[in-house]
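Here are the chains, one letter per residue:
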Amino acid sequence: MNILIATDATWVVDDITAALGADGVTFTVCREGRVVADQIAERLPDLAILDLQIGSMGGMAVTMSLRLDESADTLPHVPVLMLLDRKADLHLARRSGAEGWLIKPLDALRLKRAAKAIMNGGTYTEGIPVPEAPTADQVEAHESTEEEPATAG
């Protein structure tokens, strides 16, 4: 398995390789966003992990560029996990076409979960509020106020 990491931050590379490194896993590191597509064309990764801020071209722009290349049949599909700086960056990740994203700071457990979910064809997102399920009391109160439908007969 090959994982492409695009970031200009050494600590991000260190965190990812420590969390996802194992026998049979190789890493390709890009320090410039504008060379990601070239690296993918050279050696197709199983997963691309893109930092939101990558020197000359950020993770959102890189992901959108990859999706455009894919739609033009110039590159194959590459699953993308984007690393966000803060929760306020969610709208960027949602619009980019990434299969998933994590909000920094990173930790090994979340990186492993996200990589596994995405490489298995799923998604992994953080920061999107999940609606709470109604409590039994709320359901009962709602049901007792509903009127029975009348039929015209």
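This text gives an overview of the structure that appears in the document.

By the definition in use, this model includes 1 cavity of 30 Å³ or more. Roughly 30 Å³ of volume is contained in the largest cavity. Broken down by element, the residue count for the lining of the largest cavity peaks at 3 residues, all from helix 3 (residues 59–71). Among the residues making up the lining of the largest cavity, the classes are represented as 5 nonpolar, 1 polar and 2 charged.

Note: most peptide bonds trans; most residues except glycine with negative phi. In this chain, Lys 104 is followed by Pro 105 through a cis amide linkage whose omega measures 10°. At Asp 73, a residue that is not glycine, the phi angle is positive and equals roughly 60°.

Quick look at helix 3 now. Here helix 3 is 13 residues long and its end C-alpha atoms lie 18 Å apart, about the 18 Å a rise of 1.5 Å per residue gives. Those residues of helix 3 lying buried are Gly 59, Met 60, Val 62, Thr 63, Leu 66 and Arg 67. Relative to the axis of helix 3, the buried residues are bounded by an arc of 165° and lie together on one face. Residues of helix 3 that are exposed and point over 90 degrees away from its buried face: Leu 68 and Ser 71. Turning to helix 3, the residues buried within the fold contact helix 2 (36–42), strand 3 (47–51), strand 4 (80–84) and helix 4 (90–96). A positive backbone phi angle near 60° is found at Asp 73, which sits one or two residues after helix 3.

Reading the values: the criteria
- Starting afresh in each chain, residues are numbered from 1 along the sequence in its written order.
- Since the coordinates come from a predicted model, pLDDT governs what is reported: local features require at least 70, and pairs of side-chain atoms require 80 or more to be given and counted, while whole-chain, interface and lining totals use all residues.
- Only hydrogens and water are set aside when side-chain values are computed; all heavy atoms of the structure are taken into account.
- A cavity here means a set of points on a 1 Å grid, drawn over the protein atoms and nothing else, where a 1.4 Å probe fits but cannot get out; a pocket is an open set with protein on both sides within 12 Å along at least five of seven lines, and a residue lines either one if it has an atom within 4 Å of a point.
- Grid points are joined across faces, edges and corners, and a volume is the space filled by probe spheres set on the points.
- Secondary structure elements are taken from DSSP: a helix is a run of H or I of four residues or more, a strand is a run of E of two residues or more, and numbering for both begins at the N terminus.
- For this classification, the nonpolar set comprises Ala, Val, Leu, Ile, Met, Phe, Trp, Tyr, Cys and Pro, the charged set comprises Asp, Glu, Lys and Arg, and every other residue, Gly included, is treated as polar.
- In a helix, the anticipated span is given by 1.5 Å times the number of residues less one.
- A simple rule labels every residue: compare its accessible area, found with a 1.4 Å probe on the protein chains alone, to the largest value its type can have, and call it buried under 20%, exposed over 50%, or partly exposed in between.
- By construction, the arc corresponds to the directions joining the helix axis to the C-beta atoms.
- In this analysis, two residues are considered to be in contact whenever any of their non-hydrogen atoms come within 4.5 Å of each other.

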